[in-house]
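Working through the structure, step by step
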Amino acid sequence: MDKSKMKFIFVTGGVVSSLGKGISAACIGRLLKRRGLHIFSIKLDPYLNIDPGTMSPYQHGEVFVTKDGAETDLDLGHYERIINTSLTKESSVTSGKVYQTVLDKERKGEYLGATIQIIPHITNEIKKRLYDGFNAKGDTDVCIVEIGGTVGDIESLPFFEAIRQMRRELGYENTFFMHNTLVPYLETSGEIKTKPTQHSVKELTSLGIQPDAILLRSKNLVDKASRKKVALFCNVDDEAVISVKDVDIIYEVALNLQKQHLDDLIVKHMNLKCEDTAYMDDYVKLIRKIKNIKKSINIALVGKYVKLHDAYLSVLESLKYAGYVYDLNIDITWVDSEVLESEDANEIFKNVDGIIVPGGFGNRGIEGKIKAIKYAREHNIPFLGLCLGMQLSLIEIARDVIGYKDANSTEFNPETTHKIIDYLPNQYKGIKLGGTMRLGEYDCKIIKNTLAYALYKKEDIRERHRHRYEFNSEYKKDFEDVGVVFSGFNPQTKLCEIIEYPKNSFFIACQFHPEFQSRPLNPHPLFVGFIDAAKKVKLN
Ligand code: GLN
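Okay, so let's go over this structure. Here the structure is a predicted model, which means the values were calculated and not measured.

1. What to know about the pairing of strand β18 (residues 438–446)
β18 sits mainly inside the fold: 7 of its 9 residues count as buried. Of the pairings in the sheet, the one linking β18 to strand β19 (residues 460–467) comprises 8 bridges and is antiparallel in character. When the bridges of β19 are listed, Arg 438 appears paired with His 467. As paired elements, β18 and strand β21 (residues 485–489) share 2 bridges and run antiparallel to each other.

Here is the structure:
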């Protein structure tokens, strides 16, 4: 596309990290989308990993997977859920990817003997990726770009330099810089402090970037006098200083930004042709509904990263959305699978209404997860297994119902005789793989008269994957003989996608990750079914 038609909003942060600038970026996207504009989002991550795929969830929280199979930062999940859109691999740019591209080109001699430097070679590659991102979907009106980390970090300097150059290339009216800072409250003197914001903006301007709006994150609303002060000291218009106070429900941020007319400001600055206001009534209604919820149910989440809840962010969000359908809050009992191995399951699960075993990798804690599944199956507790959760359900049933005591996945024991879950490269005939993992969206056909069909109410679905191992279909008949129903499969390869155990009232597990597609106003049917079943346990 002709560059003169491209419009970018750049979202930066200062003072501290974890300010929630991803949420602000997503909320602005929501407002602009509701004014009829097509939005694309990009997250720039300054770390040197190529993607977060190989990072420990303890470092980085969950790995979010896009439709086209990119393993990305969890902020992309916020964008997808809040804006209600689906993003692509162009949405995730890391320093690792940028440097790798430049160095590969250098080795191929594509720079014709030039000295390769941060400016212009790295910055050009960053800009290229932003322009490619803008064009990725073909209909983008505005692209929102968030820069990870805080202004002044060594790693993020090339990103700031690239966006500075972009204002010169695209023009003032086609670029909007939105800087997020923290406004602390001092208990002792009872006042809020704007000095860190002033310093952070000074840091930003020293990189050649003058913000067009400043978003002040604080516990309470920042008063008008303080906002005026920030405007004066930081050289922005009064109405461009926005207060982003802490909220209970993140969607409220969108409404608070709208109240302060941040979207109007952007529309005016960028001369955008769109609706006069963003329709947000359904959001208002949802928030009101959530605030009135009085009852809750208890779901046990069994995993090995339970100390960092962000490691299961999309699963938690999906559970919440399903709870809203029935006016229920979800209390989570966090069960460390490794600890569970040596604990009494009766004690741990005594007050839970449902058990969920989400995805995971590696040996640690596996037997604890199998123990949780056994408990759910034997005590008829509603059970939902996701990805690894499905593989382990089959292993549990193989061991305890069929009688293959050594049943396992070759991921955990390559020598075992009963390789229920296995890596079989020829199992992928007919589909394209991203590397050695099945990544991104694949078709699934659902068999009628099954629980899966009752939940999805259709035969053809597409769901996102992120795994290397698969169910070994040589064992299919053994499972069917003990009552397991294979209710979903990939039509191209016949790989197993969904299993259920109808002897229990609700026991279902899938090879894919439904949590990546659940939306606040459109919760995923598997989660809705699970919460519905768990609610019935509570009533009994
Ligand atoms: N470790 C399993 C595999 O690679 C499951 C992965 C997951 O749960 N995402 O197949």
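On we go from here.
2. What about the site of the ligand?
Lining the immediate environment of the ligand, one finds Gly 359, Gly 360, Phe 361, Cys 387, Leu 388, Gln 391, Glu 411, Arg 466, His 467, Arg 468, Tyr 469 and His 513. Here an oxygen atom of the ligand and a backbone polar atom of Tyr 469 are 2.8 Å apart. In the complex, the protein chains occlude 99% of the 300 Å² of accessible area that the ligand would expose alone. Residue assignment for the shell around the ligand shows that the elements contributing at least two residues are α16 (388–402) and β19.

3. Points about the nonpolar core
Ranked by internal contacts, the top residues of the largest apolar core, which has 87 residues, are Phe 8, Ile 9, Ile 28, Leu 130, Leu 257 and Leu 262. No other element matches the 7 residues that helix α1 (residues 21–34) contributes to this core. Residue contacts for Ile 28: discarding those within four places in its chain leaves Ile 9, Ile 144, Met 178, Leu 257, Leu 262, Asp 263 and Ile 266. Within the second largest apolar cluster, 41 residues are counted, among which are Ala 372, Met 390, Ala 398 and Tyr 469.

4. Some remarks on helix α8 (residues 224–234)
Looking at α8, one finds that the buried residues are Ser 226, Val 230, Ala 231 and Cys 234. Burial along α8 is one-sided: seen end-on, the buried residues are contained in an arc of 145 degrees. Turned more than 90 degrees away from the buried face of α8, the exposed residues are Lys 224, Ala 225 and Leu 232. Turning to α8, the residues buried within the fold contact β9 (191–192), α7 (195–206), β10 (213–218) and β11 (241–245). N-capping of α8 is provided by Asp 223, with a side-chain oxygen placed 3.2 Å from the backbone N of Ala 225. Following α8 by one or two positions, Asn 235 has its phi on the positive side, about 65 degrees.

5. Brief notes about the packing of helix α4 (residues 95–107) against helix α5 (residues 118–136)
Between α4 and α5, whose axes approach to 10 Å, the crossing angle comes to 120 degrees. In this structure, α4 crosses over α5, and the sense of that crossing is right-handed. Contacts between α4 and α5 involve Lys 97, Val 98, Tyr 99, Thr 101, Val 102 and Lys 105 on the former and, on the latter, Ile 118, His 121, Ile 122, Glu 125, Ile 126 and Arg 129. Here the contact of α4 with α5 is composed, by residue class, of 6 nonpolar, 2 polar and 4 charged.

6. Considerations on the packing of aromatic side chains
Scanning the model with the defined rule gives 18 aromatic pairs in all. Consider the rings of Tyr 251 and Tyr 283, whose centres lie 5.6 Å apart with planes at 85 degrees: the pair is edge-to-face. Of the two residues, Tyr 251 is situated in the loop between β11 and α9 (252–259) and Tyr 283 in helix α11 (residues 281–291); the sequence distance between them amounts to 32 residues. Of the two residues, Tyr 251 and Tyr 283, neither departs from the other in class, the shared state being buried. Ring geometry for Tyr 423 versus Tyr 469: centroids 6.2 Å apart, planes at 70 degrees, classification edge-to-face. In this pair, Tyr 423 sits in the loop between β17 (419–422) and β18 while Tyr 469 sits in the loop between β19 and β20 (470–471), placing the two residues 46 residues apart along the sequence. Residue Tyr 469 is classed as buried on the basis of its relative accessible area, which comes to 16%. Pairwise contacts between aromatic rings join Phe 8, Phe 10, Tyr 131, Phe 134 and Phe 177 into one cluster. One cation-aromatic arrangement involves Arg 438 over Tyr 442; the distance from NZ or CZ to the ring centre is 5.2 Å.

Thresholds, definitions, all that
Residues numbered from 1 in each chain as written. Predicted model: local features only at pLDDT ≥ 70, side-chain atom pairs only at ≥ 80, totals over all residues. Heavy atoms only, no water. Buried < 20%, exposed > 50% of the residue type's maximum accessible area, 1.4 Å probe, protein only. Helix = DSSP H or I, 4+ residues; strand = E, 2+ residues; numbered from the N terminus. Pairing = 2+ DSSP bridges. Near = heavy atom within 4 Å. Polar contact = N/O pair within 3.5 Å; in protein donor to acceptor, adjacent residues only side chain to side chain. Areas by Shrake-Rupley, 256 points an atom, 1.4 Å probe, with all protein chains shown as cover. Core = buried A, V, L, I, M, F, W, Y, C linked by side-chain atoms within 4.5 Å. Contact = heavy atoms within 4.5 Å. Arc of directions from axis to C-beta. Axes fitted to C-alpha atoms, helices over the stretch in contact; angles between N-to-C directions. Left-handed = near helix turned anticlockwise from the far one by under 90°. Nonpolar A, V, L, I, M, F, W, Y, C, P; charged D, E, K, R; others polar. Phe/Tyr/Trp six-rings, centres within 6.5 Å; stacked < 30°, edge-to-face > 60°. Lys NZ or Arg CZ within 6 Å of the ring centre and 35° of its normal.

Any functional reading would require information that these geometric values do not contain.
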